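# Observations on the three-dimensional arrangement
What follows is each chain in one-letter form.
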Amino acid sequence: MASNKIQFRSIHELKDQSLNAKLAQKEFQNEIPVDEFLGDAEKMNNSGTSRRDFLKLLGFSTAAVTLAACEAPVIKTIPYVVKPHSIIPGIPNYYASTYFDGFDFASVLVKTREGRPIKIEPNKTANDLGKTNARAQASVLSLYDNDKIKQPKLDGKDETFDKVDAVVLEALTKAQAENKKIVVLSHSYPSPTFKKLFGEFKTKYPNAELVTYDAYTYAAALDAAQEVFGNRALPVYDLSATELVVSFQADFLGDYNANSLETSYAAARKPGANMLRHIQVESNMSLTGANADTRIKQKPSAVNKTLVEVYNAIVGGGTSDKVASEIAKELQAKGNKAVVFADGSKASYVLAHLINQKLGSVAFTGKANLLKEYDNARFNEFLTWVNAGQVGVLVANNVNPIYSHAKGAEFKKSLSKVGTVVAVTDKKNEIAQAAKVVIPAAHWLESWGDIAPQTGAYSLMQPSIQKIFKSRQIEESLLVWINGKGFTPNYYEYLKANAATILNGTSFNQALYNGFNAGNITGTLSYRGGDAAKAVSELQGFKASKLELVLYTTTAMGDGTQANNPWLQELPDPITRMAWDNYLTISPADAKEFGIENELNARMQLDGTVVNLTVNGVKLENVPVFIQPGQAEGSVGLALGYGKKDSGKVAETGVNAYPLFDGYNTVVSNVSIEKSGADDHEFAGVQLQNTLMGRYEIAKEVTLDTYLNEDVNKWNKPLTMETLQGTLPMGKVDLWDAFDDTDGPHFNLSVDLNSCIGCGACIIACQAENNVPVVGKEEVRMSRDMAWLRIDRYYSAKEKIEVKEGLDKGLNVPNLYDILIEPNESPDVIFQPVMCQHCNHAPCETVCPVAATSHGKQGQNQMAYNRCIGTRYCANNCPYKVRRFNWFTYNLNDKFDFNMNNDLGRMVLNPDVVVRTRGVMEKCSMCIQMTQATILEAKKEGRRIEDGELKTACSQACSTGALKFGDMNDKSSEVRALFNDKRKYVLLEEVGTKPNVFYHTKVRNRKENNV
């Protein structure tokens, strides 16, 4: 066995021993969505109708017509009259560009079909700066947002650019004449060419000021960098040579430091003698904490104390704190191969930097991350200008302080003192409503631009589609306002001329082709000191309270820039596995004390208590509460970026937590909660849709010592079966005839549980590539989500006895839960991506009555949608629960008013993959359209496919290398070498399905006997 731990999906399994049976009964229920027949949606959503009852009610003939796969409507297309030279129908074009929306950055490749961007892919040449998170992958859908402002507005009415420019030019001239300030209020925008252009704008209007405002500010980190390095820029870290990382509240695999460290982190986590050890001290169960080897949960005030004591032990000479002493000993033992991260306040950052200076950490590269530019003092100065009536013109570039600033309501009132407010925005939000002039902001896929993300790096942005609406990027507006009414802006030429001064001789066209380039972007960081005594005093002065709040950003929503993106709203949170919500996370112990409950209703849907949350006198009403295993007692957590108003039909999801964020500190004390009296909140969770069915060792784990020093047969013993011929390996026992897979490629997918951090980028990439529909919160609650790829999150805890020993004694899994040692208080976490396993001996293939699912020559389990009649026998017979049934027509259906319900949103669809109709089964195809395109390209060129050419959407999007795809018949391929690794195992090997997907055991770097 790999471990002696038992895994569970939620704490509800621990409370209720009968839950497994209930879930199993729910899992295969035969409910039919017959709202349109019976006419009572409320009754239908709260009752079950069996297949037999349904057939009796409507008669077999009617039901057969209803359930059978329907023909898609015929939509006639119009051929090209004159075909564009660069477009070959059926062949994708790729453009190197830069994804930047004020919060996220990535150097990317944009895949287009017939002039439509349909997918975002990482630009591998940019290395760490080319990785794409879930938000970058989903940003292509935000291009086709039908809720955007579609043309300029003046006093709330549609107008032409000429007329709005005339108004703005008049206001600019008037403000300059009256000696009032002209403020361009923009999100962080590290664009050299934009800065040059604003300089020319200031020459034209000397009273002009550029002020930076970010919703999620990074102000504490920037102020600390200013103090310690003498440069207001974030440090760039590289963990590839690091052997110990200790993090205090820093979610460095998320949005910490404005650039995730997942790539170098995963590289350092390869099992071996020098494998990175990760210690996390935190309050919330974060994505980073879930990946830690050792996680120490403490409320924020206690985390501050521990950080101070670690600093004292390393720099000051000693500590009596036991936890801090143990951490300090490990740091000192690793020396310069250790690094410390901290978050929450400026003081935390300062102490972390000074500890790293003392250690001489090699993780500190000296490069400067230039993506964040917010200055709290500068913004407060701007507020004084506004309140004093000193601002004649305010140009707000894609920012909305009314929503995201703690004093947004006051800011809204003060705008009446501004002569003319110009909003460059894409939504009819609060700032647009307060503005006299509204200019639709161009999407990054419609724009020219450049970004200097860090020292020595220069990235270009180019449009991959003509502007869909009458929109304009801020640079084009500045060009008009500099040159006067009627001027036709050409930012391309302006950018080209300025880029020549940065590219060190590289031609502009070549730089565009590359997307990411070396450039003479200067700025390095070196330690210059810091006021440690002041930092220690501030951390010790943090006023502890009964409850303390940690504000954070999620992998899906970030700062809320893309809140109206339904792909992101439906992406389950990696920890809670909840979609379409933010919520207050609370520990099980505190939940019990406050009388807060999360209960499963009769349909196995999760409902939770709703509270009013008060923080330093600011009150948020009707906040749902989620009981989170691993949350520190005395702490609660709440995600930012939700609850937007007038920003699209899905953006209002959740509650707005920004009124609780002072723009500086993400940890806050003086917190209280009280039940609101409102009805229980309905959560949309995906974790309890399927059951373990009494199985164990689904996600295997082992200690590093065991992995290095013990026989593999002790911790990853191959399964055997007793037969008449004696004991045989499972792979040798067959009831099936073997397929001949030696001719041509045979595809396998490797999944490394040690590298998978659970970020979800692969899920969005799969959704974009394969036209997976959004179904909405209610359908997710009904267990009808359509995702082809899911990332299961398992909690695990040490037991008093071996799992296998208990099972051998006749104890079933629910009984084993009784002997767990407080498993819901601080569990370990494993993330496991699960998609169709493409079994060589697939149980789905034998039960399909119409042969809709069959085995492909290359190892894929294939689906013929036109043949499928929706019996769902295959789903019932699949042990992995990876098949999805189309309950409804999701495209052009008002009930599912997301991107597929309008012509604009449907522009994102991949024409290589059919949009499935109601009544059929669908699942992962191992991206057969991508593999066939690669095979045909190689065949056309008369060559063999090189290892690494073959990709699936998920493997391409994975920035940690957890997913590797390739040809098993290529003896030199990476996937074949991975197949022979001693950590390799397959899911449910005892079932005998022989999957073409295999996994690698997770290795935990800690000294305990029990993982």
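Not measured: the values here are computed from a predicted model.

Counting its regular elements, the protein chain contains 36 helices and 45 strands. Taking the intrachain contacts of the protein chain between residues at least 6 apart in sequence as the baseline, contacts between residues at least 24 apart amount to 75%. Total accessible area on the protein chain is roughly 38600 Å²; 50% of this is exposed by carbon and sulfur atoms.

Turning to the packing of helix α13 (residues 300-316) against helix α23 (residues 532-540), a few remarks are in order. Closest axis-to-axis distance for the α13/α23 pair is 9 Å, and the angle between their directions is 150 degrees. The orientation of α13 relative to α23 falls into the category roughly antiparallel. Two packed elements cross with a definite hand, and for α13 against α23 that hand is left-handed. Contact with α13, carried on its side by Asn304, Leu307, Val308 and Tyr311, involves Ala532, Val536, Leu539 and Gln540 of α23 and no other residues of that element. Here the residues of the contact of α13 with α23 are counted per class, giving six nonpolar, two polar and no charged.

The tally for this structure, following the rule as stated, stands at 39 aromatic pairs. Centroid distance Trp448 to Tyr492: 4.7 Å. Interplanar angle 50 degrees. Geometry classified as tilted. Separated by 44 residues along the polypeptide, Trp448 in the loop between β17 (437-440) and β18 (449-451) and Tyr492 in helix α21 (residues 491-499) bring together distant segments of the chain. Through successive ring pairs, a cluster of aromatic residues spans Phe229, Tyr237, Phe252, Tyr256, Tyr265, Phe341, Tyr349, Phe364 and Tyr527. The ring of Trp385 carries the charged tip of Lys181 above its face, separated from the ring centre by 4.6 Å.

Below, the discussion takes up a negative patch on the surface. Together, Glu597, Glu599, Asp679 and Asp680 make up a negatively charged patch on the protein surface. Relative accessible area serves as the criterion here: at 48%, Asp680 is assigned to the partly exposed category.

The subject of this paragraph is the side chain of Thr666. Relative to the helices and strands, Thr666 resides in the loop between β28 (635-639) and β29 (667-675). Overall, Thr666 belongs to the buried group, its relative accessible area being 8%. The contact partners of Thr666, leaving out residues within four places of it in the chain, are Tyr216, Asp343, Gly344, Leu549, Val550, Leu551 and Phe661.

Right, let's talk about helix α14 (residues 322-334) for a bit. Each α-helix winds once per 3.6 residues, and so residues spaced three or four apart point in a common direction. Between its first and last C-alpha, α14 extends 19 Å over 13 residues, near the 18 Å set by a 1.5 Å rise per residue. Among all positions in α14, only Ala324, Ile327, Ala328 and Leu331 are buried. The arc that holds the buried residues of α14, viewed along the axis, is 100 degrees, so those residues lie on one side. Away from its buried face by more than 90 degrees, α14 exposes Lys322, Lys329 and Ala333. In this structure, the buried residues of α14 make contact with β10 (244-248), β11 (277-282), β12 (294-297), α13, β13 (338-342) and α15 (346-359). Structurally, the start of α14 carries an N-cap: the backbone nitrogen of Val323 is 3.2 Å from a side-chain oxygen of Asp321. Two residues or fewer past α14, Gly335 is found with a positive phi of approximately 60 degrees.

The next subject is the pattern of salt bridges. Per the stated rule, a full pass over the model turns up 45 salt bridges. Residues Asp293 and Arg269 are paired through a salt bridge, measuring 2.5 Å at the closest nitrogen-oxygen approach. Of this pair, Asp293 sits in the loop between α12 (287-290) and β12 while Arg269 sits in the loop between α11 (262-268) and β11, and the two are 24 residues apart along the sequence. Given the relative accessible area of 0%, Asp293 is considered buried. A salt bridge links Arg983 to Asp752; the nearest nitrogen and oxygen atoms lie 3.0 Å apart. Remark: Asp752 occurs in strand β35 (residues 747-752) and Arg983 occurs in the loop between α36 (974-979) and β43 (984-985); sequence separation between them is 231 residues. By the burial criterion, Arg983 is buried, and Asp752 matches it. One salt-bridge network, held together by shared partners, links Lys181, Glu209, Arg378 and Glu381.

Another point: the environment of His746. Topologically, His746 is positioned in the loop between β34 (726-729) and β35. We classify His746 as buried; its relative accessible area is 5%. Between the alpha carbons of His746 and Asn969 there is a distance of 5.9 Å; along the sequence they are 223 residues apart. Apart from residues no more than four positions distant in its own chain, His746 is found in contact with Asp741, Asn840, Gln858, Gly859, Gly966, Asp967, Met968, Asn969 and Asn996.

Procedures and definitions
- Residues numbered from 1 in each chain as written.
- Predicted model: local features only at pLDDT ≥ 70, side-chain atom pairs only at ≥ 80, totals over all residues.
- Heavy atoms only, no water.
- Helix = DSSP H or I, 4+ residues; strand = E, 2+ residues; numbered from the N terminus.
- Contact = heavy atoms within 4.5 Å.
- Areas by Shrake-Rupley, 256 points an atom, 1.4 Å probe, with all protein chains shown as cover.
- Axes fitted to C-alpha atoms, helices over the stretch in contact; angles between N-to-C directions.
- Parallel < 35°, antiparallel > 145°, perpendicular 65-115°, else oblique.
- Left-handed = near helix turned anticlockwise from the far one by under 90°.
- Nonpolar A, V, L, I, M, F, W, Y, C, P; charged D, E, K, R; others polar.
- Phe/Tyr/Trp six-rings, centres within 6.5 Å; stacked < 30°, edge-to-face > 60°.
- Lys NZ or Arg CZ within 6 Å of the ring centre and 35° of its normal.
- Patch = residues over 30% accessible without salt bridge, like charges linked within 9 Å, V, L, I, M, F, W, Y side chains within 5 Å.
- Salt bridge = Lys/Arg side-chain N within 4 Å of Asp/Glu carboxyl O.
- Lys, Arg positive; Asp, Glu negative; His and termini not counted.
- Charge placed at Lys NZ, Arg CZ, Asp CG, Glu CD.
- Buried < 20%, exposed > 50% of the residue type's maximum accessible area, 1.4 Å probe, protein only.
- Expected span 1.5 Å × (residues − 1).
- Arc of directions from axis to C-beta.
- Polar contact = N/O pair within 3.5 Å; in protein donor to acceptor, adjacent residues only side chain to side chain.

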